[in-house]
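The lines below spell out each chain.
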Amino acid sequence: MSDQRHAERLVSRLTMEEKAAMGSGAGFWRSEAVSRLGIPSVQMNDGPHGLRIPADDPENAWSSRPATCFPTASCIAGSWDMELVAEVGAAIAEECRAFGTDLLLGPGVNIKRTPLCGRNFEYYSEDPFLAGELGAAFVRGAQHVGVGATVKHFACNNSEYQRMTIDVRVDERPLREIYLRAFERIVRLAQPWAVMAAYNQVNGHFACEHEELLEEILRGAWEYPGVVVSDWMAVYDRVKAVASGLDLEMPGPSSKNDDAVAQAVRDGRLSEETLNRRALSMVRLALRAAECAEGRPAGRVRETPAEEIRGEEAESHHQLARRSAAESMVLIKNEPPPERGTTRTGRAPKRGASSAPVLPLDLSEFSSLAVVGRFAEVPRYEGGGSSKVRATRVESVLEGLRELIAKLPHDSRPEVKVAGGYGEDGTAEVSEIEEAAAVVRDADAALLIVGLPDSVESEGFDRAGLELPKGQVELIRRVCAEQPRAAVTIVAGAPLEIASWLDEAPSVLLAGLAGQAGGGALVDVVTGAVNPGGKLAETWPVRLEDTPCYLNYPGEAGYVRYGEGIFVGYRGYEARRIQPALPFGHGLSYSRFTYGTPSADRGEASDDEELVVRVPIKNESSRDGTEVVQLYVEAPECRCARPPKELAAFTKLRVSAGDEREAVLVVEGEAFRYWDPEVSGWVCQGGEYRLHVGSSSQDIRGAVSVTVVPAEPVRPPLTERSTLNEWLAHPQGRELLEAMIPPQLQQTFQAAGAAETEMFRNMPLVKLPRLTQGMITEDQVRQAVRSVSRRSDGA
Ligand code: BGC
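Residues numbered from 1 in each chain as written. Predicted model: local features only at pLDDT ≥ 70, side-chain atom pairs only at ≥ 80, totals over all residues. Heavy atoms only, no water.

A count of helical and extended segments in the chain gives 23 helices and 28 strands. The C-alpha extent of the chain, read off along each of the three principal axes, is 100 × 75 × 50 Å. Across the chain, every contact between residues at least 6 apart in sequence was considered, and the portion connecting residues at least 24 apart equals 76%. Total accessible area on the chain is roughly 31,000 Å²; 48% of this is exposed by carbon and sulfur atoms. Charge centroids of the chain, computed over 88 positive and 116 negative side chains, lie 1 Å from each other. (Helix = DSSP H or I, 4+ residues; strand = E, 2+ residues; numbered from the N terminus. Contact = heavy atoms within 4.5 Å. Areas by Shrake-Rupley, 256 points an atom, 1.4 Å probe, with all protein chains shown as cover. Lys, Arg positive; Asp, Glu negative; His and termini not counted. Charge placed at Lys NZ, Arg CZ, Asp CG, Glu CD.)

Listed below in structure tokens is the structure:
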């Protein structure tokens, strides 16, 4: 019997009460089983960057079992590397298998609308294409191992401010083009087992009770076959939620709500057919999970779950955490030290040109290295809230450095001098700054780690501003003033104010919230064992005022209006010609890449086929390295506003020193479409598109033009409210309009000046009878509308 038939058969044998009860959890982390029919329960755990299984510790409700803490989504997004993200997804899923977790509550793919969102560290990007690609990779990786992934939080949970109640008022176009697009891509490319409905409301309906989102779009248009689970405690009205498409209320049990659902069916307020569909989703999930669990190494591990991740698995996952963190770090700036020739202590560097950039640090060159910043010793590697993983082990920068130094020949080992720089809350006191200044002054080079403390970045609330904690900017200034060979490293899960001090630091590296092996990874990057190749997945603004949503954040009176529309992230900075501190896609390398001329595989394209753009990339340096080559589409003149550029393809290329390789960028036809609110669908504007190829959204190295011909030309329907200009632009519309105008009127129109003509043309058709004092009748207008809509319907 097919799985579907088997599941349907089981649903037909469930009582109404059982079906209702399956719609809420059996506890905090599992679904309801129906043992008489052999329907097992499904265990779910957070996600997204590591597994969090509560430890059932009566002393500490927050405690969880050790698992590998991988780089957070905001950090790993810097890798722009789908293979790597899939590998991490698979490793987390392997740990799920060991613990008996069937469904992982991740990835989080909400768009970063404001840099202040407390949960940005859990999300990938401000760009829906990039977030969709990375999210799909994660889901594929996890599900390949037989553990389901849950894409969250659907939809528009883009800030934490009043997250459980706020009403997001968003227009149809940004909803489709920006906020739903990553979800859509993941659903289509990777078929996640589950989608988690968010806490907030979207245009007046809670996400868990949103029929349009859950039924029309997710299940209807995208043909999503999986489960819709609520965010934890997100359900207000369960009957409405069930009617609108929600399968599972979490956590449970929620017998009051189960009873309400059963009663609603008895009263005829909820159809039993709908309840059957919800139960079918749950049964299919349970069967699928059980089937995957069968293949687990120790049989049904669920009965004997592991206590912790140990031995080889722990070690290999730790190494993956380190590699993925190093691959994700973004080199923001890297210049030679301002004072050249000798080091501060008067000794000339032992080897190498002094005009070389500050990074990588060749430790054997130095007699001493100053390491400043509490985070070097007490790593900060993840954010707060439900995603917090209890790491199997944590590697600090200092440990990593000492390990590395111990491997050097005795006479090449630099002394490591340490200064705390700031306290637990991140504040750098004057005395700490002075101490740091003294330590770096006497060293040959300094590694300074700054960033946000634990208390600032978390689920449940937003950040108050972009600033580093008090005193840290002064700390950066003093360290860089005292020590020309200073490398500043940033530990944070979201953009910070950087513009005011960037000029004073010769070298800046974004380490992000890099997971439990972030310390070792940072050492790998700053010492050159790994050549950084990460790129920013979000724009860093100069000031908060420059962020596209500035006037529409955080909201008021219970709602937030997404007034910036589609102009989110770099789309908004570029359209308003506001220079950010660091543009989307930016990131340097120790290698230097030059781009050849891009070429497209043809000059004419359509929106239903792929187009391939190739560009030669040369590594002009003596180091092997990686370059993320990005392609942005610039649309021609269109009746709807278009962003100056939109990311449509990218590829990460590994190029050996001195070599040249070809980057192949596959542009999907849909990159030429936009969501037209009048048509209520995706529309392709025909014309000449520029495809910009570059190393960041603002470092464009070449472009190629293609003429795009829509596969199916779609025009907005002509109505009586369409302007005369719109009627004239439409082939049948023009014919009908011209036929309506009697000769004497034509003369009047011809006699009008240019401004008057334009004024008339901007009037809606429906005003013609009044304007012409009855020479054109209302009946003629009605006829024209009827016949144009008949012709567009193909009648
Ligand atoms: C979060 C979810 C998480 C759930 C379970 C909620 O507070 O928003 O992302 O999966 O808790 O811990």
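Quick look at the environment of Glu609 now. Structurally, Glu609 can be placed in the loop between strand E20 (604-605) and strand E21 (611-619). Not counting residues up to four positions away in its chain, the partners in contact with Glu609 are Arg602, Val667, Glu668 and Gly669. Within polar-contact distance, the side chain of Glu609 engages the side chain of Arg602 at 2.8 Å. (Polar contact = N/O pair within 3.5 Å; in protein donor to acceptor, adjacent residues only side chain to side chain.)

On to the sheet that holds strand E9 (residues 227-230), then. The five strands are arranged E1-E3-E4-E6-E9 in an open sheet whose pairing can be described as parallel. Across the chains shown, the open sheet's two edge strands, defined by having one partner strand only, are strand E1 (44-46) and E9. Neighbour to neighbour, the strand axes of the sheet diverge by 30° on average, direction disregarded. Where strand E6 (residues 194-197) meets E9, four bridges bridge the pair, whose relative direction is parallel. Looking across to E9, one finds that Met196 is bridged to Val229. (Pairing = 2+ DSSP bridges. Axes fitted to C-alpha atoms, helices over the stretch in contact; angles between N-to-C directions.)

Right, let's get into the sheet that holds strand E22 (residues 625-634). Strand order in the open sheet made by the five strands is E20-E28-E27-E22-E23, with mixed pairing throughout. Of all strands in the sheet, those with a lone pairing partner are E20 and strand E23 (646-655), marking the two edges.

Summed over all chains, the structure comprises 54 salt bridges. A salt bridge links Glu122 to Arg119; the nearest nitrogen and oxygen atoms lie 2.6 Å apart. Salt-bridge contacts for Arg602 lead to Glu609; the nearest nitrogen and oxygen are separated by 2.8 Å. Note on Glu609: relative accessible area 33%, which makes it partly exposed. (Salt bridge = Lys/Arg side-chain N within 4 Å of Asp/Glu carboxyl O. Buried < 20%, exposed > 50% of the residue type's maximum accessible area, 1.4 Å probe, protein only.)

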